[in-house]
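# Structural characterization, general
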Number of protein chains: 2
Amino acid sequence: MLAFPKDLKNIINTFIDFSEIYGNAHDKIIIDSKNDYVLQKMINNIIKKTWEKSEFFKEKEPYLRNIILSFVFSSILGSYKQWINDGRKIPLQNFIETIESLVYNGIKNF
Amino acid sequence: MLAFPKDLKNIINTFIDFSEIYGNAHDKIIIDSKNDYVLQKMINNIIKKTWEKSEFFKEKEPYLRNIILSFVFSSILGSYKQWINDGRKIPLQNFIETIESLVYNGIKNF
């Protein structure tokens, strides 16, 4: 079981691996805003399943937990869309490290 | 002119004030994912206009700047949607402080 927040990098990598395997078809799903609601539900479910039993979240009031979760998944998804739309100009590994650092530093003191 | 990242709170407050003035109509626009692309463009333009001349961004490589900008606006928008969908259970001021802290800590060391 992945623990939160230390396994954030694994979550991001899983999301990216999935995208790389499915290639352009997956990118089209990701970029089309018509699919945002489904994607949001999907990512939310993944995060909740892996993280909701972690100590980090057990201590949080439920609505605050929702805000933190939505911060995590919307920023990963939003940055990934930007990266795809920009034509993947930053190397994949740099992109992963950048978004991991942005999200991890955001949540680590909560 | 607002400076980045220290004026992040003002940007969030401006966005919230706008939402509070327009009330339910604005919330409906915000929550409907059909409007995500327009909203993203709008917030991106606001941030770019106010921040692109700041020292923080001048030092950044353009595509990295895009990733940081998309991190900022997608996490504010995503958390705000979550807060509205949850029925505003956390007091407004707490919500603003929470999202400001998440985003500010994320970007401050970049």
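Residues numbered from 1 in each chain as written. Chains lettered and ligands numbered in written order. Predicted model: local features only at pLDDT ≥ 70, side-chain atom pairs only at ≥ 80, totals over all residues. Heavy atoms only, no water.

## Quick word on the interface of chain A and chain B
In this complex, chain A contributes 31 residues to the contact, which on the side of chain B involves 31 residues. Around 2800 Å² of area is buried between chain A and chain B when both sides are counted, 67% of it from carbon and sulfur atoms. Sorting the residues of chain A by area buried against chain B places Tyr63(A), Ile67(A) and Leu102(A) first, and these three jointly supply 22% of that buried surface. There are zero salt bridges connecting chain A and chain B. Scanning the region where chain A abuts chain B turns up three residue pairs in polar contact (both at pLDDT 80 or more). For the side of chain A that touches chain B, the secondary-structure elements that each account for two or more residues are α2 (36-51), α4 (62-85) and α5 (92-107) of chain A. (Contact = heavy atoms within 4.5 Å. Buried area = accessible area lost by both parts, 1.4 Å probe. Salt bridge = Lys/Arg side-chain N within 4 Å of Asp/Glu carboxyl O. Polar contact = N/O pair within 3.5 Å; in protein donor to acceptor, adjacent residues only side chain to side chain. Helix = DSSP H or I, 4+ residues; strand = E, 2+ residues; numbered from the N terminus.)

## A closer look at the packing of aromatic side chains
Throughout the structure, instances matching the rule amount to seven aromatic pairs over all chains. Ring pairing ties together the aromatic residues Tyr80(A), Trp83(A) and Phe95(A), which thus form one cluster. (Phe/Tyr/Trp six-rings, centres within 6.5 Å; stacked < 30°, edge-to-face > 60°.)

## A closer look at the side chain of Asn66(B)
With respect to the helices and strands, the residue Asn66(B) is situated in helix α4 (residues 62-85). Of the polar contacts made by the side chain of Asn66(B), one reaches the side chain of Asp86(A); its length is 2.9 Å.

## A few points about the packing of α5(A) against α4(B)
The geometry of α5(A) relative to α4(B) is characterised by a closest axis approach of 11 Å and an angle of 35° between their N-to-C directions. Between α5(A) and α4(B) the crossing geometry is right-handed. Along the contact surface, α5(A) presents Phe95(A), Thr98(A), Ile99(A), Leu102(A) and Val103(A), while α4(B) presents Leu64(B), Ile67(B), Ile68(B) and Phe71(B). Of the residues contributing to the contact of α5(A) with α4(B), the split by class is eight nonpolar, one polar and no charged. (Axes fitted to C-alpha atoms, helices over the stretch in contact; angles between N-to-C directions. Left-handed = near helix turned anticlockwise from the far one by under 90°. Nonpolar A, V, L, I, M, F, W, Y, C, P; charged D, E, K, R; others polar.)

## What to know about unusual backbone geometry
The backbone phi angle of Arg88(A) is positive, close to 50°, even though this residue is not glycine. As for its placement among the helices and strands, Arg88(A) is situated in the loop between α4 and α5.

## So, the relation of the copies chain A and chain B
For the pair chain A and chain B, the superposition axis carries a translation of 0.0 Å, the fit reaches an RMSD of 0.0 Å, and the rotation angle comes to 180°. Considering both components of the superposition, the chain copies are consistent with a two-fold axis. The C-alpha atom lying nearest the rotation axis in chain A is that of Gly106(A); the distance is 2.0 Å. Both copies share a contact surface, since 100% of the interface residues of chain A are interface residues in chain B too. (Least-squares fit on C-alpha atoms with pLDDT ≥ 70 in both.)

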